[in-house]
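In case you want the letters, here they are:
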Amino acid sequence: MIARDTLEVIQGKWRLPIIISLNHGNKRFGEIQRDITDISPKMLSQELKALETNKIITRTLYDSMPVTVEYSLTPLGESMKKLLDEILNWGIHFRKEILETRIDN
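Now for a description of the structure that goes with this document. (Residues numbered from 1 in each chain as written. Predicted model: local features only at pLDDT ≥ 70, side-chain atom pairs only at ≥ 80, totals over all residues. Heavy atoms only, no water.)

Quick word on the overall build of the chain
- For the chain, the helix and strand inventory stands at 6 helices and 2 strands.
- Ordered by position from N to C terminus, the α and β elements of the chain give α-α-α-α-β-β-α-α.
- In terms of overall size, the chain is more extended than a compact globule, its C-alpha atoms giving a radius of gyration of 16 Å where 105 residues would be expected to give roughly 13 Å.
- Dimensions of the chain, computed from C-alpha atoms along their principal axes, come out at roughly 60 × 35 × 20 Å.
- Going through the 105 residues of the chain one by one, you find that 26% of them count as buried. (Helix = DSSP H or I, 4+ residues; strand = E, 2+ residues; numbered from the N terminus. Rg over C-alpha atoms; globule rule 2.2 N^0.38 Å. Buried < 20%, exposed > 50% of the residue type's maximum accessible area, 1.4 Å probe, protein only.)

What follows is the structure, given as C-alpha cells:
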C-alpha cells in the first residue's frame, strides 16, 4: 500500500524529471521547460500542479513587474534526494549491464 502511494506521487513520464530539475535549485517555468525539452507547456503546468498538490514542490509568486513565479522543492520533496541518487546509481548500473550484454552478444 505504501509503495502504491509513492508511485502515485512520482508516476508518469514527467514528474521525476521535474523533481530532478528542481533538485538543482529553484526555477521558473521556462527554466524547467528548457531542462525537459520535450514536455509541452500544458503538460508541465498539469504536472507542476499535481506535484504542488502532493506537497513535493511549492510555487512562489513574487510581486514584481512582470510578476515572477518560481518553483522549488519543499522539505518533503528534498527528502527524495537519496531516492533520486539511488535511481541514478541503478540507472548507471542498468545501462552498464545492458551495454555489456549487447557487446557480448
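Regarding the pairing of strand β2 (residues 68–73)
- Direction of pairing for strand β1 (residues 57–62) relative to β2: antiparallel, over a ladder of 6 bridges. What sits directly across from threonine 58, in β2, is serine 72.
- Between the end of β1 and the start of β2, which pair antiparallel, lie 5 residues. (Pairing = 2+ DSSP bridges.)

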